[in-house]
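Structural overview for review
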Amino acid sequence: MNLSISKKALYPLTLLIIPLIGIILTNSIDWSVFDFLLMGSLLLVLGIGIELTIINFKQFNTRIAIIFFILLIFLMIWIELAVGIFNSPFAGN
């Protein structure tokens, strides 16, 4: 099993440029350093999970299914942190 992860796993981190530009251009986005670190870690785990799926699974349908579930879990965590759909203690406002 090959576990070498390429630079492609870091590509999702470039999405952090969007809120950074929003903070620079407007006052309506209120992200702290903690928000950037938390989202950066979520995006890093997302990228590594997708990269490991592509490396370890050869069947196309299996890859698509696992990547779909990784994205679904990512989105559920993100939504929970943003607006709190499950009313957990770490939910957003």
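Description of the structure in this document. (Residues numbered from 1 in each chain as written. Predicted model: local features only at pLDDT ≥ 70, side-chain atom pairs only at ≥ 80, totals over all residues. Heavy atoms only, no water.)

Taken together, the side chains of F68, F69, L72, L75, M76, W78, I79, V83, I85 and F86 define a hydrophobic patch exposed on the protein surface, amounting to about 940 Å² of accessible area. Tracing the backbone through its elements, the reader meets I85 in the segment after α3 (60-83). (Patch = residues over 30% accessible without salt bridge, like charges linked within 9 Å, V, L, I, M, F, W, Y side chains within 5 Å. Areas by Shrake-Rupley, 256 points an atom, 1.4 Å probe, with all protein chains shown as cover. Salt bridge = Lys/Arg side-chain N within 4 Å of Asp/Glu carboxyl O. Helix = DSSP H or I, 4+ residues; strand = E, 2+ residues; numbered from the N terminus.)

On to the side chain of T53. Mapped onto the secondary structure, T53 falls in helix α2 (residues 33-56). Judged by relative accessible area, which is 4%, T53 ranks as buried. Residues contacting T53, with those up to four places away along its chain left out, are R63, I66, I67 and I70. (Buried < 20%, exposed > 50% of the residue type's maximum accessible area, 1.4 Å probe, protein only. Contact = heavy atoms within 4.5 Å.)

Despite not being glycine, N87 shows a phi value in the positive range, around 55 degrees. Relative to the elements of secondary structure, N87 occurs in the segment after α3. Classification of N87 as exposed rests on a relative accessible area of 68%.

With that settled, the discussion passes to the side chain of E80. Among the structural elements, E80 can be located in helix α3. One buried charged residue, E80, forms no salt bridge at all, with the nearest opposite charge on R63 at 31 Å. At 2.7 Å, the side chain of E80 and the backbone nitrogen of F86 are in polar contact. (Lys, Arg positive; Asp, Glu negative; His and termini not counted. Polar contact = N/O pair within 3.5 Å; in protein donor to acceptor, adjacent residues only side chain to side chain.)

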